[in-house]
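# Chains, contacts and geometry: an overview
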Amino acid sequence: MKSDKTKSDELEKEIKDIAAFPESEFTSIIRDVGFECDCCGKCCTSEFNDHVFLLDEDAERIIDNVGRDCLLPAPYYDFCDNLGRFYVIGYALKSKTNGNCIFYTGKRCEHYELRPSICRIYPYMLHREADEHGNIEFRQVSGLDEHGTYHNELDDAACRDISGDVKKYEIAFIRQKIKFLHLIKTHFKKHGLTHKRQVYDKRMRDFEKGGEIEVYVFYNGEFDKNIISKTIN
Ligand code: SF4
Ligand code: SF4
């Protein structure tokens, strides 16, 4: 198992690699793909995304303008302590019962001006993923050929803006992760806690059956306590 220092060093290296990814290469990919959104709305539905992750700044903007009720701990919790409490890197937007984003009306985003960073950059990305042969490389566009239109003419300034925004998002996400891991380390040490996989699995089974769980969400440098269950969320 990797030490905290190794993980943190890897994440710092990832930030450097993203920052160093040549702008000319990224903008040229964006220009060649020539993607334009046709407003089909699939990225706001469970067909494309099972949750909308919020950076701290997104969560803050949505809490201030819409309220906390539309947020929940991002799914796929990172840790569970020996007392059965979960910890996760951030909030996500809630989904409706059909799995669509809570802000999606079926035609449009109800809070378009407030939409999270991930919605603003989608479908662009800049993080490493394995291809079908297992080769790990940077991926730049999500769901290529599955939505929108292609080979449209994009001007250089628009391509550079997209490239800059995507890099900014990916780096902000990793920075949030580094801070989260640092807080986990100090919190567990201070309270004599350990991550327990067996406890994690058992509590998740309880949750799936309708039980309540305690989830601590990393938000603005602290842990926010949430009590959630399938029925009340
Ligand atoms: S916040 Fe708006 S743009 Fe983002 S997934 Fe939800 S409905 Fe779509
Ligand atoms: S970004 Fe893609 S999936 Fe989302 S509305 Fe536009 S075309 Fe549809």
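Residues numbered from 1 in each chain as written. Chains lettered and ligands numbered in written order. Predicted model: local features only at pLDDT ≥ 70, side-chain atom pairs only at ≥ 80, totals over all residues.

With that out of the way, let us pick up the nonpolar core. Residues Phe86, Val88, Tyr91 and Ala92 are the most contacted members of the largest nonpolar core, which totals 42 residues. Among the elements that line this core, the one with the most residues is helix H5 (residues 156-191), at six residues. (Core = buried A, V, L, I, M, F, W, Y, C linked by C-beta atoms within 7 Å. Buried ≥ 20, exposed ≤ 12 C-beta atoms within 10 Å, placed from the backbone. Helix = DSSP H or I, 4+ residues; strand = E, 2+ residues; numbered from the N terminus.)

Turning our attention to the site of ligand 2. Ligand 2 sits among Cys37, Asp38, Cys39, Cys40, Gly41, Lys42, Cys43, Phe48, Tyr122, Pro123, His147 and Gly148. Across the shell around ligand 2, the residue classes break down as seven nonpolar, three polar and two charged. (Near = placed C-beta within 6 Å. Nonpolar A, V, L, I, M, F, W, Y, C, P; charged D, E, K, R; others polar.)

Here we take up the pairing of strand S7 (residues 136-141). The pairing of strand S6 (residues 124-130) with S7 spans five bridges and is antiparallel. Residue pairing in the sheet places Ala130 in a bridge with Ile136 of S7. Counting the residues that bridge the hairpin from S6 to S7 gives five residues, and of these Gly134 lies at a positive phi of roughly 85°. (Pairing = 2+ DSSP bridges.)

For the α-helix, the turn length of 3.6 residues means that residues three or four positions removed from each other point alike. Among all positions of helix H2 (residues 23-33), only Phe26, Thr27, Ile30 and Val33 are buried. One face of H2 carries all of its buried residues, which in axial projection span an arc of 130°. Exposed and oriented more than 90 degrees from the buried face of H2 are Ser24, Glu25 and Asp32. In the core, the buried residues of H2 are packed alongside S6, S7 and H5. Just downstream of H2, Gly34 is the residue with a positive phi angle, here 55°. (Arc of directions from axis to C-beta. Contact = placed C-beta atoms within 7 Å.)

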